[in-house]
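Geometric and topological summary
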Amino acid sequence: MEQILIYFYTYKEAIFIIALSVFLGIEVISHVPSVLHTPLMSGANAISGVIIVGGIILVGHANTGRISEELILGILAVILGTLNVAGGFVVTDRMLEMFKKKKK
Amino acid sequence: MDKIIGTSGALPFTTGDAILELSYLLAALLFVYGLKLLSHPETARKGNFYAAGGMVLAMATTLLLHKNNLHESIPLTNAIIIVISIAVGTVIGWIMARRVKMTAMPQMVSFFNATGGAASALVALLEFPKANMGNTGSVLVTLLGLIIGSIAFSGSMIAYGKLDGKVGDIRSKNMKYVNMLLLAVTVALMLFMMFSGHAPEELNWHIYLLFGLSLLYGVLFVMPIGGADMPVVISLLNSFTGIAAAMAGFIYNNEAMILGGILVGAAGSILTVLMCKAMNRSLLNVIVGAFGGSASGETQAEGTMKEITLSDASILLAYSQNVVIIPGYGMAVAQAQHACRELDKLLESRGVTVRYAIHPVAGRMPGHMNVLLAEADVPYNKLIEMDDINPDMPNTDVAVVIGANDVVNPAAINDPGSPIAGMPIIHAHEARNIIVMKRGRGKGYAGIENTLFFDSKTRLLFGNAKDSLHNLINEIKNL
């Protein structure tokens, strides 16, 4: 029991953020008409590309003096993350573009 | 930017540090607001734009202002490498997203989800050697990021392959035991690494083993799930990618990553549950895979399938008052949405009311039909959701089923023994006449006989949906 409390206190800020973000995510999505499920899924998918920030930090502080595993796989991570972000947002926009067009 | 302006918890921080954190806050808010706007048809496009803006902001400020633990900024060489990598990723992503056909959209989303998962897994893999093993919380998030990211990657790639028709289903009764065992081994290995007391260097092969096991689990996890359930799987894996990104956010103590990741994780989970509800199945049921080919139910089809000639079909349609079109995956495959819209316009010009009945899980993604029909310029208000159209079905002269099967199968209502029993369906069988456009006499994805096709009111028009529609349009024009 004590162990759990220690864990909670040590990571309390993280736990608060998780709890509130989960609530926020559920609240934001719950009232979506099914028409928008696909674009929404695609948009959320693009947001999960936020891992790109981690990739930038990783490569940003990597040693570029020699070609290492960290550098190569890090660059790969940045490229893949950008694919997720750029591709995700563009695909979502393409889907939504069609919704807009017919509204005229 | 490097001027120290204060201290926080005994650590000095500079103007740049403060601006960086502020930009993360702004990015996180843009994600939330963007997602919120994305859930309304009017504002959706703006929402997507805002979320993208948040992402660009977070990327730019990280590149310019991020400092490591030694207070070193990102050196110019590294920055150039990063910018080039981002440029490469953007160009490839842009071209792929622009070129993809609307029908291939689900697999495209699945593919992009896979790349995000892979990025998360790689970041975790590379951060592990630097982990402080004394801090079990930080080791836990690193390993979880690796496991979840890898599963999201390999699982999404399999889902992509399945939707693209490159990968078939592999089903076996023992598969679920194999999967459970594999998951147990993966978790056990993770716990061992956390509590073994070894330094990261000593666990070098363990981390690659963990990587490999997680990738394998992702493959085996998606492999037995049928193509019809792919939307649920993609949505679930999408939430995995979000969680993996959040785990990486904990490694770097980066709030934008944590919030963005968890937000997607929660939203993805909710979307998954909504989809399962639309099929009246539990998530567990989808994952274990209840749509076995062997489950036949008690329904025996009575009567025979009756074909209709083009001229009969055209007369039936042209002289009715109220027509409801029920599209399914077959329409997407045949790319028949434009022909469908053409028929709709032609009928409307003859005074027939034409509406579309949209089942929430028709197609291979929720909202798949809406996207396709929107592409063909079908007005928004003609797309009627299942619950709103069902009361009108008995007053419908003709229900035209285009490439849909399980979502109009009356067995879901009539036959408690059917594998799809209880799944809400569009009540096509209540219409006065039913025309079914179908490629062949085969069964739907659930692998069960559809009694609707044998109904005395039903007439079938065999052939590719696009060709059938074009022929029908010509017939009606000649009336």
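Residues numbered from 1 in each chain as written. Chains lettered and ligands numbered in written order. Predicted model: local features only at pLDDT ≥ 70, side-chain atom pairs only at ≥ 80, totals over all residues. Heavy atoms only, no water.

Time to look at the nonpolar core. Counting 184 residues, the largest nonpolar core has I29(A), L35(B), L143(B), L317(B), I326(B), V401(B) and I402(B) as its most contacted members. L317(B) has contacts with V323(B), L347(B), V352(B), V398(B), V400(B), I435(B), L472(B) and I476(B), leaving out every residue within four places of it along the chain. V141(B), A246(B), M247(B) and I262(B) belong to the second largest nonpolar core, which has seven residues in total. (Core = buried A, V, L, I, M, F, W, Y, C linked by side-chain atoms within 4.5 Å. Buried < 20%, exposed > 50% of the residue type's maximum accessible area, 1.4 Å probe, protein only. Contact = heavy atoms within 4.5 Å.)

Turning to the domain arrangement of chain B, a few remarks are in order. It is common to give the size of an interface as the accessible area lost on bringing the parts into contact. All names here are of chain B. When cut into domains, chain B gives domain 1 (1-99), domain 2 (103-290) and domain 3 (310-477). Roughly 810 Å² of surface becomes buried between domain 1 and domain 2 when both sides are summed, with 80% attributable to carbon and sulfur atoms. Seen at the junction of domain 1 and domain 2, the total is one residue pair in polar contact (both at pLDDT 80 or more). Those elements that provide at least two residues to the side of domain 1 that touches domain 2 are α1 (15-38) and α3 (76-99). Of all the elements, α1 adds the most residues to the side of domain 1 that touches domain 2, at six residues. In the side of domain 1 that touches domain 2, the residues fall into seven nonpolar, one polar and one charged. (Domains from an automatic or database assignment. Buried area = accessible area lost by both parts, 1.4 Å probe. Polar contact = N/O pair within 3.5 Å; in protein donor to acceptor, adjacent residues only side chain to side chain. Helix = DSSP H or I, 4+ residues; strand = E, 2+ residues; numbered from the N terminus. Nonpolar A, V, L, I, M, F, W, Y, C, P; charged D, E, K, R; others polar.)

Time to look at the packing of helix α4 (residues 105-127) of chain B against helix α8 (residues 230-252) of chain B. Residue and element names in this part refer to chain B. Close contact between α4 and α8 brings their axes to 9 Å; oriented N to C, the two are set at 25°. Considered as vectors, α4 and α8 are oriented roughly parallel to each other. Crossing angle aside, the handedness with which α4 passes α8 is left-handed. Between α4 and α8, the contacting residues are P106, S110, N113, G116, G117, S120, V123 and E127 on the first element and I234, L237, N238, T241, A244, A245, A248, I251 and Y252 on the second. (Axes fitted to C-alpha atoms, helices over the stretch in contact; angles between N-to-C directions. Parallel < 35°, antiparallel > 145°, perpendicular 65-115°, else oblique. Left-handed = near helix turned anticlockwise from the far one by under 90°.)

This part is about the sheet that holds strand β5 (residues 383-385) of chain B. Residues and elements named next belong to chain B. An order of β5-β4-β3-β6-β7-β8 is seen for the six strands of this open sheet, with the pairing classed as parallel. In this open sheet, the two strands that pair with only one neighbour each are β5 and β8 (458-462). The sheet shows a mean angle of 25° between the axes of neighbouring strands, direction not considered. Sheet topology note: the strand β7 (residues 433-438)/β8 ladder contains five bridges and is parallel. By the bridge assignment for β8, I434 is matched with T458. The strands touched by helix α13 (residues 337-349) within the sheet are β3 (322-327), β4 (353-358) and β6 (398-402), with β4 carrying the most contacts at an inclination of about 145°. Across the sheet, helix α17 (residues 465-477) is in contact with β6, β7 and β8; its angle to β7 comes to roughly 130°. (Pairing = 2+ DSSP bridges.)

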